Amino acid sequence: MAVIGRFGLAGLAGVLSGPHGGRLHDSGLSLPATGVARVLALGAFVLAAFAG
């Protein structure tokens, strides 16, 4: 049951970040924002690897 909740939270994060990503793209900052997102995703994978 907890796994379903985690998927829901991940989906909620995507829904809430969508408008912000659109504004960044419209202002011409989509490339730096993509780089930051990649670094954050990599950090999340490293954290998950150590968490077990």
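Residues numbered from 1 in each chain as written. Predicted model: local features only at pLDDT ≥ 70, side-chain atom pairs only at ≥ 80, totals over all residues. Heavy atoms only, no water.

1. Digging into a nonpolar patch on the surface
Here's step 1: The grouping of Leu9, Leu12, Val15 and Leu16 at the surface amounts to a nonpolar patch, some 410 Å² of accessible area in total.
Here's step 2: Here leucine 9 shows up in helix α1 (residues 2-26). (Patch = residues over 30% accessible without salt bridge, like charges linked within 9 Å, V, L, I, M, F, W, Y side chains within 5 Å. Areas by Shrake-Rupley, 256 points an atom, 1.4 Å probe, with all protein chains shown as cover. Salt bridge = Lys/Arg side-chain N within 4 Å of Asp/Glu carboxyl O. Helix = DSSP H or I, 4+ residues; strand = E, 2+ residues; numbered from the N terminus.)

2. As for helix α2 (residues 30-51)
Here's step 1: Along its 22 residues, α2 runs 31 Å from first to last C-alpha, staying within 8% of the 32 Å computed at 1.5 Å per residue.
Here's step 2: Phi for glycine 52, located one or two positions after α2, is positive at around 95 degrees. (Expected span 1.5 Å × (residues − 1).)

3. Quick look at the environment of proline 32
Here's step 1: Secondary-structure assignment places proline 32 in helix α2.
Here's step 2: Of the residues examined, proline 32 reaches a relative accessible area of 48% and is grouped as partly exposed.
Here's step 3: Between the C-alpha atoms of proline 32 and glycine 8, which are 24 residues apart in sequence, the distance is 27 Å. (Buried < 20%, exposed > 50% of the residue type's maximum accessible area, 1.4 Å probe, protein only.)

4. Points about α1
Here's step 1: Helix length check: α1, at 25 residues, gives a terminal C-alpha distance of 37 Å against a target of 36 Å (1.5 Å per residue), a fit within 8%.
Here's step 2: Helix geometry: α1 is bent most strongly at glycine 18, by close to 35 degrees, with proline proline 19 lying one to four residues after it.
Here's step 3: Positive backbone phi, approximately 85 degrees, marks glycine 28, located one or two places after α1. (Bend = angle between axes of the 7 residues up to and from the residue.)

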